[in-house]
Structure formats: structure tokens, C-alpha cells
Amino acid sequence: MSHTVNFTKQENGTLLRVAWVGNLRVISQSGSYGCKRWYFTLNGTECDTPAPIDAQIYEKTGGDDSHRPSGFEGTCSGISNGAIDISLNIGACIGITTQGDGFTGWQSTSRIIIEEI
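Here the structure is a predicted model, which means the values were calculated and not measured.

Participant: Please set out the packing of aromatic side chains residue by residue, giving values where relevant.
Facilitator: The final tally for this structure, using the stated rule, is one aromatic pair. Between Phe40 and Phe72, the aromatic rings sit 5.6 Å apart at their centres with planes inclined by 50 degrees, giving tilted as the arrangement. Pair noted here: Phe40 is in strand S3 (residues 33-42) and Phe72 is in strand S6 (residues 68-76), with a separation of 32 residues, a long-range link. Of the two residues, Phe40 and Phe72, neither departs from the other in class, the shared state being buried.

Participant: Can you tell me about the environment of Lys36, naming the residues and giving the values?
Facilitator: One can find Lys36 in strand S3. Between the alpha carbons of Lys36 and Gln99 there is a distance of 6.3 Å; along the sequence they are 63 residues apart. Those residues in contact with Lys36, other than ones at most four positions away along the chain, are Val26, Ala55, Gln56, Ile57, Ile90, Gly91, Cys93, Gln99, Gly100, Asp101 and Gly102.

Participant: Give me the lowdown on the pairing of strand S2 (residues 16-28), citing residues and values where you can.
Facilitator: With eleven of its 13 residues buried, S2 lies for the most part within the structure. By the bridge criterion, nine bridges tie S2 to S6 in an arrangement that is antiparallel. Paired with Arg17 across the two strands is Thr75, which belongs to S6. Bridge count for S2 against strand S9 (residues 111-116) is six bridges, and the pairing is antiparallel.

Participant: Tell me about the nonpolar core, residues and numbers included.
Facilitator: Ranked by size, the top nonpolar core spans 20 residues in total, and within it Leu16, Trp38, Phe40, Leu42, Phe72 and Ile86 carry the most contacts. Secondary-structure elements contributing two or more residues to this core are S2, S3, S6 and strand S7 (82-91). The residues touching Leu16, leaving out its near neighbours within four places in the chain, are Phe7, Lys9, Leu42, Gly74, Thr75, Cys76, Ile79, Ile84, Ile86, Ile114, Glu115 and Glu116.

Participant: Tell me about unusual backbone geometry, and please be specific about residues and values.
Facilitator: Here Thr49 and Pro50 are connected by a cis peptide whose omega angle stands at 10 degrees. With respect to the secondary-structure elements, Pro50 resides in the loop between strand S4 (45-46) and strand S5 (54-60). The phi angle at Asn43 is positive, at roughly 50 degrees, despite the residue not being glycine. For Asn43, the location among the structural elements is in the loop between S3 and S4.

Participant: So, the state of the cysteines: which residues are in play, and what are the values?
Facilitator: Considering all chains together, one arrives at two disulfides under this definition. Note that Cys35 is cross-linked by a disulfide to Cys93, the S-S spacing being 1.9 Å. Sign of the S-S torsion, about -95 degrees for the bond between Cys35 and Cys93, identifies this disulfide as left-handed. Of this pair, Cys35 sits in strand S3 while Cys93 sits in the loop between S7 and strand S8 (100-104), and the two are 58 residues apart along the sequence.

Participant: I'd like a description of the pattern of salt bridges, backed by residues and values.
Facilitator: Counted by the stated rule, this structure contains four salt bridges. For Arg17, the salt bridge goes to Glu73, with nearest N and O atoms at 2.9 Å. Remark: Glu73 occurs in strand S6 and Arg17 occurs in strand S2; sequence separation between them is 56 residues. Glu115 is paired through a salt bridge with Arg17; the nearest N and O atoms lie 3.4 Å apart. With Glu115 in strand S9 and Arg17 in strand S2, this residue pair connects regions lying 98 residues apart in the sequence. The class of Glu115 is partly exposed, set by a relative accessible area of 36%. Classification of Arg17 by relative accessible area gives partly exposed; the value is 21%. One salt-bridge network, in which partners are shared between bridges, spans Arg17, Glu73 and Glu115.

Procedures and definitions
- Numbering of residues starts from 1 in every chain and runs along the sequence as written.
- This being a predicted model, a pLDDT of at least 70 is required before a residue's local features are given, and a value of 80 or more before pairs of side-chain atoms are given or counted; all residues contribute to the totals for chains, interfaces and linings.
- Where side-chain values are given, they derive from all heavy atoms of the structure, hydrogens and water being excluded.
- Stacked, edge-to-face and tilted are the three classes for Phe, Tyr and Trp ring pairs, Trp counted by its six-membered ring, which pair at centre distances within 6.5 Å; planes under 30 degrees apart are stacked, over 60 edge-to-face, the rest tilted.
- Think of it this way: any DSSP run of H or I at least four residues long counts as a helix, any run of E at least two long counts as a strand, and we number them from the N terminus.
- For every residue, the accessible area obtained with a 1.4 Å probe (protein chains only) is divided by the maximum for its type, and the residue is called buried under 20%, exposed over 50%, and partly exposed between those limits.
- Contacts: residue pairs with any heavy atoms within 4.5 Å of one another.
- Two strands make a pair as long as DSSP finds a minimum of two bridges between them.
- What we call a nonpolar core is a set of buried Ala, Val, Leu, Ile, Met, Phe, Trp, Tyr and Cys residues that are connected through their side-chain atoms within 4.5 Å.
- Disulfides are defined as cysteine sulfur pairs within 2.5 Å.
- The term salt bridge refers to a side-chain nitrogen of Lys or Arg lying within 4 Å of a carboxyl oxygen of Asp or Glu.

Pasting the structure below:
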């Protein structure tokens, strides 16, 4: 599942600051450990300069279904001006074989914050 917002970048030489604030949840599918990764894409591609804008949650859940307030952010450079689709995606954790069931946002307001700096 992804959440997408549209943003119009005004200048070529600026960075984009992208942030998520809302509830995230990982629950184990096997009853032991679970892991999920949330990450932003800009026009379908992950930012790599200076680094991906992402977060991983790895926890022993044992059936716990807690949705916790979470936030992460980063900047992305080298993006041309114009219309940009910015998406929050959920996927497999990097380097972890035990994947869980992840959920984004629940029973509260979630925000994707975008700022040209």
C-alpha cells in the first residue's frame, strides 16, 4: 500500500525535505519476529542523494497489535523542478528474512510533510 501526494517543485537547485508523522505497526506472521520498511519514492524512484528516506521496524510481537505514533524524515537533492508524485511505500526490510505484516496509519490523522529548501 502506498500513500501519494502531488507537489510542484519551484526551483532546480533546491532540496526536498520529506517527512512522515503517523501511526505504524508491525506484527509477526510467524509468532516470533516481524519486520517492515517504510520508504519514500519521488516519481516512482527512491532518493539516493544523500540517502534513502526510510525507516524499518523490527520487533518481537507475539500477537501484539499495537499501532504506535512514529515519524521519520530526510532530504533529497538532484530533483528537477516541476510536478512530483511523492509516495510513502511499505515493503520488505533490507537484510532481514523474517517479514511481518505492516500497517500504515490507523484511527488518527497521518501526515506527509513536504518542504522545498
